Each structure stands twice: as C-alpha cells, then as structure tokens.
Amino acid sequence: MQFPTSCSPFTPSNNSVQRIMFHVIAALLPAIAVQFWFFGFSILMQICLAIGTALLTEALCLTARKRDIVSALSDGSALLTALLIAIAIPSIAPWWVVITGTLFAILIAKHIYGGLGYNPFNPAMAAYVFLLISFPLQMTQWQSPFAFLDFSNAFQLIFSEQIAFDGTTSATVLDLTKTQLHLGQNLANIQQQALFGFIADKNRELINLAYLLGGLFLLHKKIIHWAIPTAVILGLLIPASIAYSIDNSLYSSPTFHLMAGATLCCAFFIATDPVTASSSKKGRLIYGLLIGSLIYCIRTWGGYPDAAAFAVLLANLSAPSIDYYLKGK
Amino acid sequence: MFDFLWRKKTASFTGGIILDGHKHVSKIITPPIAKELVYPLFLASNRYAKSCVKIGDYVKKGQVIATPDSPLSTPIHAASSGTITAIEKRLIAHPSGLAENCIILQTDGLETVLEAEPCLDYQQQNREFLREKIHLAGIVGLGGAAFPTAKKLNNSQPIHTLIINAAECEPYISCDESLAIRSAKNIIQGTLIIQHILQTARCIIAIEDSKPEAYAALLSAIKTTDIQIQKVPSIYPAGGEKQLIQAITGQKIPAQKLIFESGFICQNIATSFAIYQAIILGMPLTERVITVTGAGIKQAQNLQAKIGTPIKDLVQACQGYTNHAEQLIMGGPMMGIALASDDIAIIKTSNCLLIEPLKQADTQPCIRCGDCAEVCPSELLPQQLYWYSRSQEWDNCTDYQLADCIECGCCDVVCPSKIPLVQAFRIAKAEITQKHRQTEQAALAKERFENQQHRKLRIAQEKAQQLAKRKAAIEKMKAAAAQRKLN
C-alpha cells in the first residue's frame, strides 16, 4: 500500500487563530451587555455598522489581494477589530464616523501592511486616532449616563443626527476633570458633580468592571498573557499613586485612573493584541509599562482627556525595538 | 499565588507540552516469520555496511550478512535462517524516500540458529572485550539516533552518571514500557553490564510517572543492586537527553555542549536489553519490540519483530488496516518520519509504526502570540527563527541558535496559525550545513591557490637567484680570465 509523505510532527495543532479571536470576542460580551443595559440601543447600532463594514471591506481587500476569502474571514480578526472600534468611539457618533473608521482600520491599518499578522499598529486604535483627529467634534460627544436611548431615538441620533431630547450628550469625567482643573477648581469639588459615580464615570465604571471580568476570563483561558495587562495597570498606577500622594487636590487618585476612560479595556483587550505587542517575556512587561505610563502622562499633561489609543500606537511603534534590544543569548 | 496565570504548569525542565498518551500497553506478541527479510546496507547519515554474502548463500539466524564499512558502522545479522535471493535497490526507511542497496533474505521458517557464545562472567572480563562483543552484536542506540553503542560506551572522559532512558515521552509508543514489564530483570542485567563497562558510580533509570506497571516491575528488579529509579513528569519531550537530565538532576546542560562533557551518558532501555542479550546470551541484535498502533490499524499491539521485516507483514499480524489508514509513520507522531510504502522494512531503530488518518490544516499568518517560545525546550524563539528561515537569513538563524533545535515539534503543536515550523527549521539547517560545506571548500580552494602562488613565486625566486649566482660566477670567471690576460 502506498501513502503520502509529509514532515513531522503529525500531531495537529491544538490551537487556532479562530479560537483566540472568538474567545476575545466572547470576553467582550459582558461589557457590551452592561453598556446596552445602561445606554440602550446606540451601542448595538454601532456594532452592526462596524461589523458590516469590516466584513465587506475585508472581503474586498482579500479579493483584491487574491487571497482565500472564507478562511481569512472566518478567523474572526476583522470581526474583533470592528467590535473594538464600535465600543471605543462615542456610542452616539453618526453612522459615517464608525463606517469611515472601520474602513480605515481594515483597509489602511491592516491590509495595506499585508493583512493579519503584518500590521505594525493595532487597527482599531489606528482607526480611533484617525477619527479623533479628523472628526474631533463627533468623537468627543459622549452619550450622557442619564440618557437611555430606545431603538427609534438611537436610530434618529445615529442616522439623521437629530437629537431626540436635551441632555443626550455629556463630557466624560476625564474631560470634565481636565477642563475644571484648568479653571482652577479643586478636585474634591469636581467629584461632587452628577457625572461621577462611585469612583469615575457614573455607569461607565460598571462597564469597565465588565471589561475586567472579560479580561480575567481570557487570562484563565490562557488566551492572553498576564504580563501585558499587569504592566499596563502598574505603569498607570505607579505614577498616579506618586502624584496623588504629593497633592491630592490636583492629581486624581489611582483608583480613579483605573476605573475611568479606557484603562481596563486597553489593558486586557487592546494592549494584548499579540500582532502589535512585544513577544518576548521581558519585552511584554516593558511594553505594558510604556503604555500605562504614557496613558498617565497624556491624561495629566497632554492635550487629550483620554490617551489609551495614542499610548498603544506609540508602544506599537517601539515594540520591535524592545524585542530587538532584549534579545538575549 | 499567581502561578495559575502562567501558561506552563510547573515542569522539571524548560518548556514542553502535555500531550494525550494514546498508549495501549499490550503483551508482546510474536508475529509469524515474514517470507522475505530486507536489510538496507545504508545505516544512518553517511554510514554504510558492506555485504559479505552472495546471492544463493544459505545463512543461519544470527549470522553476519554485512560488515562495517567505516569506524561508525555496525555489522548486520540475519534475523532468521534462509537463502539470500538478491542484493538490490529497495525503498528504505528514510525521510527522503531514498532507495538503497538491500540484502534480501528468503526465510525457510526453520530458524536454524548459529551457535551462540554467551559470556556469563562479564565482571571478570575487561572493558575492551565487552565493547567488542557489543560492537560485533550490531548494537546501536535503539531510542532513535542509531549511534553505535560500543562507540558511545568508549568514553574518553569520566562519566559520573548513567541514565537509562525509559521515559518514552512520545504519544502512542509503548514498546519500551511493555519491554520493561516483560523483561525488567534482564534490562537491569544489561544495565549492570553498561555500568561495569563505564565504571560509573551512579545509575538512574528515568521513567515517566504515567507508567506505574513498568515502574513497579523495574523497582522490584533493582532491589539487590545500587541502581536508582526516578519518575519524571509526563511532559513531552521528557525523553530528550538534556530534558531528562534536567528533570532528574536539576542540572541544565548548556546549549552546544554534549551531555558526556558534563559527565552524563544516556542509554535507551531497549539498548540495555540488547546488551543483556549480546553478553549473557551471546545473541546479536536481530529482533526488537515495536508498537504498531493508530486509528488506521485494526488491532494496536506490541510485537516482537524481526529487524528487516517489511511493514506490511507486521500490519498483517495486527489484523490489517482500517478505513482510516491514510498515512504511515515510523516513530512517534511528534518526531517520526512518514513513509511512502508499507513494503519498506523496519530497521534497528524502528520503535513504532503509527497508521493514522491524514490531518491537514491550512496555514495562517503568524500572529506573533509567542506560544512557541514558551513551549520550546531549548529556549529558542521559534517565531523569530521562522522569519529568518523564510527570508533565508542564515546568519541570523545561526545567531538565534537554530543548531540547538531538537526538532521536537512542540512549537508546531501549539501554533494557532498552524505554521509548519519544524519543517522550516529542517530546511534552514540543511541550507546552513550546505553553506558551511561550500565555505569550507572555498576556503580549501583558496588555500590551495595561495599555496600554489607561493610555490610559483618561490620557484621563480629560486630560479632568479640561481641565475644571478650563475651570472655572478660567469662574471667572476670572466674577470679572472681578464686578469689572467692582463697578467
């Protein structure tokens, strides 16, 4: 009897890109559910728009590059990018914002560089920064924690850009803190305002806890490595604690930094993207610390209220150098 | 406290993965004698044996049919009695599907045995005598490397620890385990002979903790000796020499260093048994235990097979193929070689025949997850090495210690993108060897050329000097003649 020959090992791989991507997507679901609970249908519409655009763009890019469409589409990477964009941008941003962003992420940030595995920048974060610079107005109007949008309200807001009722938009607490501190206000007074919940944004801090939950699930399933999230959080908490202990009327508390903005989402879902992160053991720690401390620096002294996207892109840029210089014998 | 966050469970050596065992330990069955036995004259890499029989010769069981051709070759013995019918090219068990000259022995089923020369008082014999006997019995390392055992036991440096490797870490293979259960006493006798030859103080049998029956058998067999037995965790590749040493002694053998330089020697448990047979029974190595297993075989079992038996005869002895017989692997699923035909005969190092359905997976781009680096037992960066091998940056491959890769296949198994990493590394290694050879040849040619130039120059100089001398002599003579004339 004749047999085909190939090279060892003959044990099939017990892991797949698909498995990784869909675990990450599953881990995002609690946060999406909480957001839906507090904020209504707007988030679902953003997600649908993003996913539709992402899959379509991905299919077109793959066709143009003469790649196998089915296997690449089913790996879940485009889906994950779409989800991350949808949850990163303000949920009441007009429809064209999320579509432009997703188009940018898949076409420019991913396929121009050679597709999955070859992109130097996290596509979702590259898209976020692109949107923030191009459409600053739309990208800084966040849905107010007091505004629950039912389907028709959300639809009107996103598709015809008509505000259904007053008070749909508000600033985030990071934004608020920044502007009020500029006006010479005391932190203690600022935190008395209605936008604050227990520690940071009312209701949004619970979404962030859901990110933490998803992140712990990914750690437990060994989809992500503990080094990067730990380092991101430490990189943020260490400078925050130092500054806070020096002057707690000027510098926000470390717990505030942890629970506000995109910290937890970034630590567990963005910074851990293996393609754009450092891959060596020590490299991951340095990479994470870099993101955490950059977030703190930009939040405290930079021009933007939140900084996760900028911090991640800057760290993406340095990841190859980190790995190169850490190469041991 | 955060231990559970690490990918790898605590292991006693670096890297490695936990694999499903798939081991069916069975009694060792003796299959019927095959009609035809096939003995390739090719032994391993560039080592050959030379046929010492002619077509038509009648040979007895245990008779030498091929003699060593080089210092690292070993003799081949007939595993049964019969007539030599041909010496011709046949497919052999080689990853490249080579055809090499083979001695074909038509068996007569009588098993006429050549008279054995047992040596029961081995403790009174000197080491050279025993080594020669092992060499003449044709014993090679039965774990897979096929290195001549007599050469390995000829240590130039003192060996402080002898390790008998019974780890058998690859899935599916259970030949060593069943051998240990059947012949624990004889294995220990063989081990004592090795210990006597090497004069080592310490001897440890290393066995995976997933083999309680074999462990118990060996434990009761070592009672009256000072041999120790130690369990190692069932983590692949615990049976790799360096991994095994790290697992049982905690000592890490540095990369690019051979284990005997650190005073260790590893022998496979089946080799130990073969040495017992060679010395105590006076029998050469003509048979071994082999596992025939996989979803493609009707009855998976361990066979006491004659070396040289074509695979199809062993499959027959296991009730034949099932519908899932789509690929034939000699060795284990991690490091074995795929064979093109079941006409190929088993050789001394064949420990397993694995017949499995084909498992193909589409390769996706690398997402740099780094899992490969976590499981690499040699602590390499397979992902980096893969980039460099693909872009043919051989110098960078060497820089990243490609030579230390033991080709265990752990990286392939954990790769989410299903990239054939080991295959890429094998190609890169071959290319680098090729390049080395070319550089060496170029250097040699350059040296020759330079020597030639030097020689030419020297000859020219010598000629010039001689000419000058002669000219001077002539001038002198002329001057002298002129002088005489003047006078």
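Residues numbered from 1 in each chain as written. Chains lettered and ligands numbered in written order. Predicted model: local features only at pLDDT ≥ 70, side-chain atom pairs only at ≥ 80, totals over all residues. Heavy atoms only, no water.

### Examining the interface of chain B and chain A
Alright, step 1. In this complex, chain B contributes 52 residues to the contact, which on the side of chain A involves 39 residues.
Alright, step 2. Across the chain B to chain A interface the summed buried area is about 4100 Å²; carbon plus sulfur atoms make up 55%.
Alright, step 3. Counting the contacts that link chain B with chain A gives two salt bridges.
Alright, step 4. Taking the shortest distance from any N to any O, the salt bridge between Arg368(B) and Asp323(A) comes out at 4.0 Å.
Alright, step 5. At the boundary of chain B with chain A, the tally comes to 15 residue pairs in polar contact (both at pLDDT 80 or more).
Alright, step 6. Secondary-structure elements contributing two or more residues to the side of chain B that touches chain A are strand S16 (327-330), strand S17 (337-339), helix H8 (371-375), helix H9 (382-390), helix H11 (410-414) and helix H12 (421-486) of chain B.
Alright, step 7. Among the residues forming the side of chain B that touches chain A, the class breakdown is 27 nonpolar, eleven polar and 14 charged. (Contact = heavy atoms within 4.5 Å. Buried area = accessible area lost by both parts, 1.4 Å probe. Salt bridge = Lys/Arg side-chain N within 4 Å of Asp/Glu carboxyl O. Polar contact = N/O pair within 3.5 Å; in protein donor to acceptor, adjacent residues only side chain to side chain. Helix = DSSP H or I, 4+ residues; strand = E, 2+ residues; numbered from the N terminus. Nonpolar A, V, L, I, M, F, W, Y, C, P; charged D, E, K, R; others polar.)

### Overview of the domain arrangement of chain B
All names here are of chain B.
Alright, step 1. According to the domain assignment, chain B contains domain 1 (28-339) and domain 2 (364-487).
Alright, step 2. Between domain 1 and domain 2, the contact holds eight residues from the first and ten residues from the second.
Alright, step 3. Taken over both partners, the interface formed by domain 1 and domain 2 buries close to 730 Å², and the fraction arising from carbon and sulfur atoms is 55%.
Alright, step 4. Of all residues in domain 1, the largest losses of buried area upon contact with domain 2 belong to Gln243, Met334 and Met335, amounting jointly to 48% of the total for that side.
Alright, step 5. Taking the shortest distance from any N to any O, the salt bridge between Lys252 and Glu379 comes out at 2.8 Å.
Alright, step 6. In this assembly, domain 1 and domain 2 are joined by two residue pairs in polar contact (both at pLDDT 80 or more). (Domains from an automatic or database assignment.)

### Structural notes on the sheet that holds strand S13 (residues 264-268) of chain B
Whenever strands of a sheet pair, they do so through backbone hydrogen bonds, lying parallel or antiparallel.
All names here are of chain B.
Alright, step 1. Across the sheet, which stays open at both edges, the four strands sit in the order S12-S11-S10-S13 with parallel pairing between neighbours. Each of the sheet's edge strands pairs with one partner strand only, and the pair in question is strand S12 (228-232) and S13. Going across the sheet, the axis of each strand differs from the next one's by a mean of 30 degrees, ignoring polarity.
Alright, step 2. Bridge analysis of strand S10 (residues 161-166) against strand S11 (residues 202-208) gives six bridges, and the strand direction is parallel. (Pairing = 2+ DSSP bridges. Axes fitted to C-alpha atoms, helices over the stretch in contact; angles between N-to-C directions.)

### Let's talk about the nonpolar core
Alright, step 1. Core analysis: the biggest nonpolar cluster contains 102 residues, and Leu28(A), Ile89(A), Tyr211(A), Phe269(A), Tyr287(A) and Ile291(A) have the highest contact counts within it.
Alright, step 2. Among the domains, domain 1 (17-143) and domain 2 (172-326) of chain A are the pair contributing at least three residues each to this core.
Alright, step 3. Beyond its immediate chain neighbours, meaning those up to four positions away, Tyr287(A) contacts Ile228(A), Ala271(A), Thr276(A), Ala277(A), Ser278(A), Ala315(A), Asn316(A), Ala319(A) and Ile322(A).
Alright, step 4. Of all hydrophobic cores here, the second largest spans 72 residues; its members include Leu37(B), Leu41(B), Ile76(B) and Ala150(B). (Core = buried A, V, L, I, M, F, W, Y, C linked by side-chain atoms within 4.5 Å. Buried < 20%, exposed > 50% of the residue type's maximum accessible area, 1.4 Å probe, protein only.)

### Structural notes on helix H4 (residues 212-221) of chain B
All names here are of chain B.
Alright, step 1. Considered for burial, the residues of H4 that qualify are Ala214, Ala217, Leu218 and Ala221. The arc that holds the buried residues of H4, viewed along the axis, is 95 degrees, so those residues lie on one side.
Alright, step 2. Turning to H4, the residues buried within the fold contact helix H3 (175-198), S11, S12 and helix H6 (269-281). (Arc of directions from axis to C-beta.)

### Description of the domain arrangement of chain A
Interfaces are often sized by the accessible area lost when the parts come together.
All names here are of chain A.
Alright, step 1. Split into domains, chain A comes out as domain 1 (17-143) and domain 2 (172-326).
Alright, step 2. The C-alpha-based centres of domain 1 and domain 2 are spaced at 21 Å.
Alright, step 3. For the pair domain 1 and domain 2, the two sides together bury roughly 2600 Å², of which 78% comes from carbon and sulfur.
Alright, step 4. Counting the contacts that link domain 1 with domain 2 gives zero salt bridges.
Alright, step 5. At the level of secondary structure, the elements contributing two or more residues to the side of domain 1 that touches domain 2 comprise helix H1 (17-39), helix H4 (77-88), helix H6 (123-134) and strand S1 (142-143).
Alright, step 6. Counting residues per element, the side of domain 1 that touches domain 2 draws most heavily on H1, which supplies twelve residues.

### Quick notes on helix H2 (residues 42-64) of chain A
Alright, step 1. Between its terminal C-alpha atoms H2(A) stretches 33 Å, which fits the 33 Å expected from 23 residues at 1.5 Å a residue.
Alright, step 2. Of the residues flanking the end of H2(A), it is Lys66(A), one or two places downstream, whose phi is positive at about 55 degrees. (Expected span 1.5 Å × (residues − 1).)

### Side note on the side chain of Thr293(B)
All names here are of chain B.
Alright, step 1. Structurally, Thr293 can be placed in strand S14 (residues 287-293).
Alright, step 2. Here Thr293 falls in the buried class, since its relative accessible area comes to 3%.
Alright, step 3. Look past the residues within four positions of Thr293 in its chain and what remains in contact with it is His24, Tyr172, Ala300, Cys352, Leu353, Leu354 and Ile355.

### Side note on the packing of aromatic side chains
Alright, step 1. In total, this model carries 18 aromatic pairs over all chains according to the counting rule given.
Alright, step 2. Aromatic side chains Tyr388(B) and Tyr400(B) sit 5.2 Å apart centroid to centroid with 45 degrees between the ring planes, which places their arrangement in the tilted category. Within this pair, whereas Tyr388(B) is found in helix H9, its partner Tyr400(B) is found in the loop between helix H10 (394-399) and H11, the two being separated by twelve residues in sequence. Each member of the pair, Tyr388(B) together with Tyr400(B), is buried.
Alright, step 3. Through successive ring pairs, a cluster of aromatic residues spans Phe36(A), Phe41(A), Phe151(A), Phe155(A) and Phe159(A).
Alright, step 4. Its end group placed over the ring of Tyr215(B), Lys231(B) keeps NZ or CZ at 4.5 Å from the ring centre. (Phe/Tyr/Trp six-rings, centres within 6.5 Å; stacked < 30°, edge-to-face > 60°. Lys NZ or Arg CZ within 6 Å of the ring centre and 35° of its normal.)

### Examining the packing of H1(A) against H4(A)
Residue and element names in this part refer to chain A.
Alright, step 1. One way to put it is that H1 packs onto H4 with a least axis distance of 9 Å and a crossing angle of 25 degrees. Overall, the two elements H1 and H4 adopt an arrangement that is roughly parallel. For the pair H1 and H4, the crossing hand works out as left-handed. Here H1 contributes Met21, Phe22, Val24, Ile25, Leu28 and Ile32 to the contact with H4, which in turn contributes Ser77, Leu79, Leu80, Leu83, Leu84 and Ile87.
Alright, step 2. Looking at side-chain class alone, the contact of H1 with H4 contains eleven nonpolar, one polar and no charged residues. (Parallel < 35°, antiparallel > 145°, perpendicular 65-115°, else oblique. Left-handed = near helix turned anticlockwise from the far one by under 90°.)

### Concerning a nonpolar patch on the surface
Alright, step 1. Together, Leu234(A), Ile238(A), Ile242(A), Ile246(A) and Leu289(A) line one region of the surface with nonpolar side chains, adding up to about 470 Å² of accessible area.
Alright, step 2. Position of Ile238(A) among the secondary structure elements: in helix H12 (residues 227-246). (Patch = residues over 30% accessible without salt bridge, like charges linked within 9 Å, V, L, I, M, F, W, Y side chains within 5 Å. Areas by Shrake-Rupley, 256 points an atom, 1.4 Å probe, with all protein chains shown as cover.)

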